[in-house]
Each structure stands twice: as structure tokens, then as C-alpha cells.
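Listed below are the residues making up each chain.
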Amino acid sequence: MIQPFTAEPIQWVSESGVPVRDLPERFTPQLLRDLHALMLRAREFDRKLITLLRQGRTTFYAQSSGMEATQVGLARSIRVGHDWVWPYYRDHTLGLAMGVPMFELISQCLGSNSDPSRGRQMPHHFAAKRQNFVSISSSIASQVPPAAGNAMAQKYLGVDEITVCTFGDGATSEGDWHAGMNMAGAHQAPALFVCENNQWAISTHLRAQTASENIHIKAKAYGMPGFYVDGNDIVAVMEVCAHAAEWVRAGNGPALVECLTYRVGSHSNADADAEKHYRTREEVEEWLGRDPIVRIEKLLEHLGHPISAEERAQMIAQTHREVDEQVIQAEATGQPDWRIIFEDVYADMPGHLRDQEAQLRAEQEAGQEVRA
Ligand SMILES: Cc1ncc(C[n+]2csc(CCOP(=O)(O)OP(=O)(O)O)c2C)c(N)n1
Ligand SMILES: [Mg+2]
């Protein structure tokens, strides 16, 4: 029933919230409500973190507003803590939906002592050990070759884990992307590649990115199926990603899923005024009209299980409270001591680093300020 290489994105629920195919039994009103709660929580997390950014309490953030169905849908299609995830920098909603504690994300954005990476990474570039969520890197597509290698290792070890690798549409122009896709295909490795196609790579539109008619068609060149899905329809994302993940897990080789979606906000704090510079207000308005959260609300209403305005407001207030409390808790743990820059890398620290550590200590003892 789910076919690769479709001309149009696979859809399950129309924009007006009506199923266009039979709703699979697992989508009970309770599951739909849970998915809605996860998406709304992520949307409000974005809102709060942008405020923290404006207050100068963190220095980088890339929102995923508008893309919640893609990321939550993917999170709910894989075996969390079993499969391995090689994400990209816009995937905090994927992380949250996989159960990464919000406190860890906030701590990482603040670089506090409660940050598991203790301020060593760029803000908003977290990793989560329990979820097998590999550290995010900012270099576009740099995660794709190691993800292919991870999948090759899984194949040779004979485990039933798969590797999930996400990226944006812009990443598909990078040499690393093609190298990783090619290796995964050539070795028939169990990798599920997911393109979060939000149609823009900062100010470069998809049409300027590639002459291919879409992204998923590129899968053909690497000997794998390419699925095309409406990334703002969480039911479709879950059905297609679960289908592709199980196909990969069954030993059929890699697969690519292209989720067509849109980032309704700015790329990051580096381009806070996107509409003024490279895209039209009309385009943004059009995609705001396809909001994935509104779609699931309409579906619940259609099924006779509406979410009341009061309930929605309570959920929003709850997330705001949660973030406020956790920011206070994270900040209370303080900033990591400068000495941590020398820790956790070498069992036996090389001589030149020992010298540098001694030099910093001497500067501190001489009354100079030393900060990590
Ligand atoms: C190798 C490399 N080149 C350029 C950049 C600068 N850069 C950061 S994000 C970005 C756009 C990526 O767009 P896309 O892959 O579509 O992801 P999106 O941000 O839209 O989610 C670029 C070019 C980078 N980080 N790394
Ligand atoms: Mg993009």
C-alpha cells in the first residue's frame, strides 16, 4: 500500500483534518492526543528558547516550528534506545519526542554544569546517550558518512538495530551526503535516511538547490527506495517512516524518506528577519495554513474527541512553567570550571596540554580571570 517514488507526497489526513485513507487502528484518540501534546510542547519550547536567546542567556538556537509532525512522527516510528540516530542541528523536537529530558536540552543550551557535555559543544548541539542520539554537528551533511559506517557495522555485527540519519534539503547538495548514501547503498546497510525538506537552506530555495524534480528521486541512484510523504501530516509520517524502518530492519538495505514540510520561523538567530530578505509573507502565510498541530486538532475534532481551548491553554502554560523552572535549576548549577577543558579526552594527558593547564593555573593564582 505504501509505494516509493510517488509523484505526490503520501497523505493520510487532509489539511481540513479528514482522513483520506482508512485511519490505521493504532491511531486511537489517546495516541492522537499524545502526539498532539508532544508537538505542542515542542512548539512552546521553541517560543521559550527564542526568548532565552533574546535575553542573551544562550547564543544559538534553530527552531523547528512548523516541522513538528516530521520530527515527532519519526521519533515514534523507531525503536528508541535501540536504534542509532545521527541527527542534524534542527532536531531538538525529535530528541524531545524520543524522551531526551527537557532539562538536558536546556542545560546544553545554557552550557551549565548540568549540561551532560558541560559546555563543550555549541549551544543547541546536544547528544543523548540513553537514546543513542549522537552529538549534533553543525557542518552540513557531515553526519551522513559516519551514519552509513554505523549502519555497515550493524550489518556486520548482525544486530537488528537500524541507523537513522536526518538532514535538511540543503544537505543533499553536499559531497558528504552523496558519499554516505552511496556507501550505504553499495553495502546494503540498514540505514534509514530522512530528509526534512523544509524547502529552504537558509536563503537558498530548493529550486536553486537541485535540478531533480524532488529529493527522494535521488535514492534511485543509490539503489534504495525513496518515499515521499506529507511532512505536516503526522499519521502519514508515522505510517511511511514505520514502513521504511521495518523494511530496512528486515535486511533489505537502506531507504530514504523525504518529508515535505516548512520552517515557519527564521533559519536561526542568524537571520531573524527572513520575510524581509528572501521569502514572501504570502508563502509563509500559506504554510502557516498547513500547520501540523492544527491538522491533528482538526482530526481529533472530526473523530469526536476535540481538544478544548482551555485544555490547549493549560498545556501551553504547563510547558512554559516547565521551561522556566528548569532554566532556574540549570543556571543554579553554575558554569563549568575551566579545568574541564582538559578532562574526559585523554587517559594520559599529553605534555603540551599539561603545560597549558599549569600555565592557566598559574594565571589564576596570579589573580587573573580564567574561564572555560
Ligand atoms: C559544510 C557547511 N556549509 C555551510 C554551512 C552553513 N549553513 C548552515 S545551515 C545551512 C543551510 C542548511 O539547510 P538545510 O540542509 O536545508 O537544513 P535546514 O536549516 O533548512 O533545516 C548552511 C548552508 C554549514 N553549516 N556547513
Ligand atoms: Mg532546509
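Residues numbered from 1 in each chain as written. Chains lettered and ligands numbered in written order. Predicted model: local features only at pLDDT ≥ 70, side-chain atom pairs only at ≥ 80, totals over all residues. Heavy atoms only, no water.

Under an unreviewed UniProt entry, the name given to the protein is 2-oxoisovalerate dehydrogenase subunit alpha, and the source organism is Deinococcus deserti. Turning to the protein, the UniProt annotation filed under Function (unreviewed entry) states: "The branched-chain alpha-keto dehydrogenase complex catalyzes the overall conversion of alpha-keto acids to acyl-CoA and CO(2). It contains multiple copies of three enzymatic components: branched-chain alpha-keto acid decarboxylase (E1), lipoamide acyltransferase (E2) and lipoamide dehydrogenase (E3)." Check the Catalytic activity (unreviewed entry) section of the UniProt entry for the protein; it says "N(6)-[(R)-lipoyl]-L-lysyl-[protein] + 3-methyl-2-oxobutanoate + H(+) = N(6)-[(R)-S(8)-2-methylpropanoyldihydrolipoyl]-L-lysyl-[protein] + CO2". (UniProt positions renumbered as here; feature names shortened; annotations may be inferred.)

Novice: Got a minute to help me understand the pairing of strand E7 (residues 255-260) in this structure?
Specialist: Regular strands place their side chains on alternate faces of the sheet. Burial of E7 is extensive: 6 of the 6 residues sit out of reach of the surface. Neither face of E7 is open: one carries Ala-255, Val-257 and Cys-259, the other Leu-256, Glu-258 and Leu-260, and all of them are buried. Alignment of strand E3 (residues 191-197) against E7, held across 6 bridges, turns out to be parallel. For Cys-195, the partnering residue across the bridge sits in E7 and is Glu-258. Each parallel crossover has a hand, and for strand E6 (residues 226-230) linked through helix H8 (residues 234-252) to E7 it is right-handed. (Buried < 20%, exposed > 50% of the residue type's maximum accessible area, 1.4 Å probe, protein only. Helix = DSSP H or I, 4+ residues; strand = E, 2+ residues; numbered from the N terminus. Pairing = 2+ DSSP bridges. Right-handed = clockwise from strand over helix to strand, strands pointing away.)

Novice: Sorry if this is basic, but what is going on with the nonpolar core here?
Specialist: A general tendency of soluble globular proteins is for nonpolar side chains to be buried together. Counting 69 residues, the largest nonpolar core has Phe-45, Leu-192, Ile-234 and Val-257 as the members making the most contacts within it. When near neighbours in sequence (up to four residues on either side) are disregarded, Phe-45 contacts Tyr-61, His-92, Leu-96, Met-102, Leu-105, Ile-106, Thr-319 and Val-323. By size, the runner-up hydrophobic cluster in this structure holds 24 residues, among which are Trp-86, Val-134, Leu-206 and Tyr-222. (Core = buried A, V, L, I, M, F, W, Y, C linked by side-chain atoms within 4.5 Å. Contact = heavy atoms within 4.5 Å.)

Novice: Hey, could you run me through the sheet that holds strand E1 (residues 84-86) in this one?
Specialist: Two strands in a sheet stick together by hydrogen bonds in their backbones, pointing the same way (parallel) or opposite ways (antiparallel). Sheet architecture is open: 5 strands sit in the order E1-E2-E3-E7-E6, paired in parallel fashion. Two strands lie at the open edges of the sheet, namely E1 and E6, each paired on one side alone. Taken pair by pair, the neighbouring strands of this sheet meet at an average axis angle of 20 degrees, ignoring direction. (Axes fitted to C-alpha atoms, helices over the stretch in contact; angles between N-to-C directions.)

Novice: Is there a simple way to think about the coordination of the magnesium ion (ligand 2) in this case?
Specialist: As a benchmark, a tetrahedral metal site with four donors has ideal angles of 109.5 degrees, while an octahedral site with six donors has ideal angles of 90 or 180 degrees. Coordination of the magnesium ion (ligand 2) by the protein comes from Asp-169 (OD), Asn-198 (OD1) and Trp-200 (O), over a distance range of 2.1 Å. Donor residues for the magnesium ion (ligand 2), ordered by position in the chain, follow D-x28-N-x1-W. (Donors = N, O, S within 2.8 Å, 3.2 Å for Na, K, Ca; no water.)

Novice: In this structure, what is going on with empty space enclosed by the protein? I would like to understand it.
Specialist: It is the rolling of a water-molecule-sized probe over the atoms that shows where space remains empty. Per the counting criterion, the structure on display carries 2 cavities of 30 Å³ or more. In this model, the largest cavity occupies a volume close to 50 Å³. As for the largest cavity, its lining consists of Arg-43, Gly-66, Asn-232, Tyr-262, Val-264, Trp-287, Leu-288, Arg-290, Asp-291 and Pro-292. Of the residues in the lining of the largest cavity, the class split is 5 nonpolar, 2 polar and 3 charged. Taken as a whole, the second largest cavity spans an internal volume of roughly 40 Å³. Where the lining of the second largest cavity is concerned, the elements lending two or more residues are H8 and helix H11 (292-302). Broken down by element, the lining of the second largest cavity gets its largest block of residues, 4 residues, from H11. The class makeup of the residues in the lining of the second largest cavity is 6 nonpolar, 1 polar and 2 charged. (1 Å grid on protein atoms, 1.4 Å probe; cavity = no way out; pocket = protein on both sides within 12 Å on 5 of 7 lines; lining within 4 Å. Points joined across faces, edges and corners; volume = space filled by probe spheres on them. Nonpolar A, V, L, I, M, F, W, Y, C, P; charged D, E, K, R; others polar.)

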